[in-house]
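So the chains spell out like this:
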Amino acid sequence: MHPRLSIITINYNNVAGIKKTFESVFVQSFKSFEYLVIDGGSSDGSKEIIKKAADQINYFVCESDNGIYHAMNKGIKKATGEYVLFLNSGDHLVHKNILEEVIDELDSTEIIYGNIMLIESELKSWTGVYPAILSFQHFLDGSLPHSSSFIKRTLFEKVGYYDEHLKIVSDWKFYIDAICRHNVSYKHIDKTISVFYLDGLSSLPQNKAVLQHEKEKVFKDDYAMFIDNSKELKMLRAFKQNKAINRFVKIAKVLRLYKDYHTADG
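Residues numbered from 1 in each chain as written. Predicted model: local features only at pLDDT ≥ 70, side-chain atom pairs only at ≥ 80, totals over all residues. Heavy atoms only, no water.

Colleague: Would you explain the pattern of salt bridges in this entry?
Modeller: Note on pairing: side chains with opposite charge can pair once their charged atoms come close. For the structure on display, the rule yields 10 salt bridges. Put simply, K152 and E82 hold a salt bridge, and the shortest N to O gap is 3.9 Å. Of this pair, K152 sits in strand β8 (residues 149-152) while E82 sits in the loop between α3 (68-78) and β4 (83-86), and the two are 70 residues apart along the sequence. Using a relative accessible area of 18% as the deciding quantity, one classes K152 as buried. Where K187 meets D107, a salt bridge forms, and the shortest distance between an N and an O atom there is 2.9 Å. Residue K187 is found in strand β9 (residues 186-197), and its partner D107 is found in the loop between α4 (98-102) and β6 (111-121); the two are separated by 80 residues along the sequence. The exposure class of K187 is partly exposed, given its relative accessible area of 21%. A relative accessible area of 32% means that D107 is categorised as partly exposed. The structure contains a network of salt bridges with shared partners spanning E105, D107 and K187. (Salt bridge = Lys/Arg side-chain N within 4 Å of Asp/Glu carboxyl O. Helix = DSSP H or I, 4+ residues; strand = E, 2+ residues; numbered from the N terminus. Buried < 20%, exposed > 50% of the residue type's maximum accessible area, 1.4 Å probe, protein only.)

This is the structure:
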């Protein structure tokens, strides 16, 4: 019998991160999941940590690969669970009971996503809360959190695997293709599922230009018509917002003049 859930961790030379991820996975009160670790041939001691934890891992490999999304695709192809959850090295589950709390939510829905705690520093963190209703507009500036999303494994055969030509935004592309092109079923769980540290590849300031370039390429190649409509919608919303602000300012000015007049008269 296949497990309902496969957790996949990819790692490359992040020994501190993979220790943190392992700790959060191994202490879970819910144990009936499959765990896979895909290491890209690390040389920083990660391989030894993985081998030491081998009795708690269902499948692992330590070999060179062609990047993050190649490694993620390798994990998907080895997984046997009905759903997959990507908890990459450095990410961790929010507490030891979270899988037990959400496992019954894994029904026939194709994408099930929760919220995520984002940590920028010891003094700055916040919870990313995602909408229950998704639209193309949401994906213009946002995405879904891969470490808080349970994806039906067969969905990758329907939508396609992660695009290995992209370096940073392939998970975003998968979500926008699944939701906006294939109209897959989805639902939101209003629970914080994982913790994500803003020090990853896509979060680094020097990679913002690459991220923007890759997104623009996806929009141009696959969603050009949608982009034109979305730009018009944004302009219309901004226009309406400005009109509302201008109306408020005019009313405020009239009220102030009225108040000044009666104060002087009194």
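Colleague: Sorry, what's going on with unusual backbone geometry here?
Modeller: If a residue is not glycine, its phi is most likely negative; likewise, a peptide bond is most likely trans. A positive phi angle, near 50°, is found at N13, a position not held by glycine. Looking at the secondary structure, you find N13 in the loop between β1 (5-11) and α1 (15-26). The phi torsion at N183 lies on the positive side, around 55°, for a residue other than glycine. Within the element layout of this structure, N183 appears in the loop between α7 (170-181) and β9.

Colleague: Please clarify how helix α8 (residues 208-222) should be interpreted in this entry.
Modeller: In an α-helix, one turn spans 3.6 residues, which is why side chains three or four residues apart end up on the same side. Look at α8: 21 Å from first C-alpha to last across 15 residues, which is about the 21 Å you get at 1.5 Å a residue. Where α8 is concerned, the buried positions are L211, E214, K215, V218 and F219. The buried residues of α8 occupy an angular sector of 135° when the element is viewed end-on, so they sit on one face. Across from the buried face of α8, at angles greater than 90 degrees, the exposed residues are A209, H213 and K220. (Expected span 1.5 Å × (residues − 1). Arc of directions from axis to C-beta.)

Colleague: Could you clarify how one ought to interpret the packing of α7 against α8 in this entry?
Modeller: Any two packed helices are characterised by the angle at which their axes cross and by the distance between the axes. In the contact formed by α7 and α8, the axes pass within 11 Å of each other and the chain directions differ by 30°. By the angle between their directions, the pair α7 and α8 is classed as roughly parallel. For α7 against α8, the interelement crossing comes out right-handed. Across the interface between the two elements, W172, K173, I176 and R181 of α7 pack against K215, V218, F219 and D222 of α8. Tallied by class, the residues present in the contact of α7 with α8 amount to 4 nonpolar, no polar and 4 charged. (Axes fitted to C-alpha atoms, helices over the stretch in contact; angles between N-to-C directions. Parallel < 35°, antiparallel > 145°, perpendicular 65-115°, else oblique. Left-handed = near helix turned anticlockwise from the far one by under 90°. Contact = heavy atoms within 4.5 Å. Nonpolar A, V, L, I, M, F, W, Y, C, P; charged D, E, K, R; others polar.)

Colleague: Can you walk me through the nonpolar core in this structure?
Modeller: Here is a general trend for soluble globular proteins: nonpolar side chains tend to be buried in one another's company. Ranked by size, the top nonpolar core spans 42 residues in total, and within it I8, I111 and Y162 carry the most contacts. Beyond its immediate chain neighbours, meaning those up to four positions away, Y162 contacts Y69, M72, N73, I76, F86, I151, F156, S170, D171 and F174. Membership of the second largest hydrophobic core comes to 27 residues, among which are I18, F33, I49 and I98. (Core = buried A, V, L, I, M, F, W, Y, C linked by side-chain atoms within 4.5 Å.)

Colleague: Which parts of the structure should I look at to understand the environment of S43?
Modeller: By the element assignment, S43 lies in the loop between β2 (34-39) and α2 (46-52). In this structure S43 comes out as exposed when scored by relative accessible area, which is 68%. Along the primary structure S43 and N14 are separated by 29 residues, whereas in three dimensions their C-alpha atoms are 9.5 Å apart.

Colleague: It is not clear to me how the pairing of strand β3 (residues 59-62) should be interpreted in this structure. Could you clarify?
Modeller: Residues in a regular strand project their side chains so that they alternate between the two faces of the sheet. Bridge count for β2 against β3 is 4 bridges, and the pairing is parallel. Bridging across to β3, D39 finds its partner in C62. Read from β2 through α2 to β3, the crossover connection turns out right-handed. (Pairing = 2+ DSSP bridges. Right-handed = clockwise from strand over helix to strand, strands pointing away.)

Colleague: How should the pairing of β4 be read in this particular structure?
Modeller: By the alternation rule, side chains of β4 split into Y83 and L85 and V84 and F86, which are all buried. Where β1 and β4 come together, 4 bridges link them in parallel fashion. Its bridge partner lying in β4, S6 is registered against V84. Of the strand pairs in this sheet, β4 and β8 are connected by 2 bridges, and their pairing is antiparallel.

Colleague: What am I meant to see in the side chain of S6 here?
Modeller: The topology assignment puts S6 in strand β1. Polar side-chain contacts of S6 include one of 2.4 Å to the side chain of E34. With residues near it in sequence (within four places) discarded, S6 still touches E34, L36, A79, T80, G81, Y83, V84 and L85. (Polar contact = N/O pair within 3.5 Å; in protein donor to acceptor, adjacent residues only side chain to side chain.)

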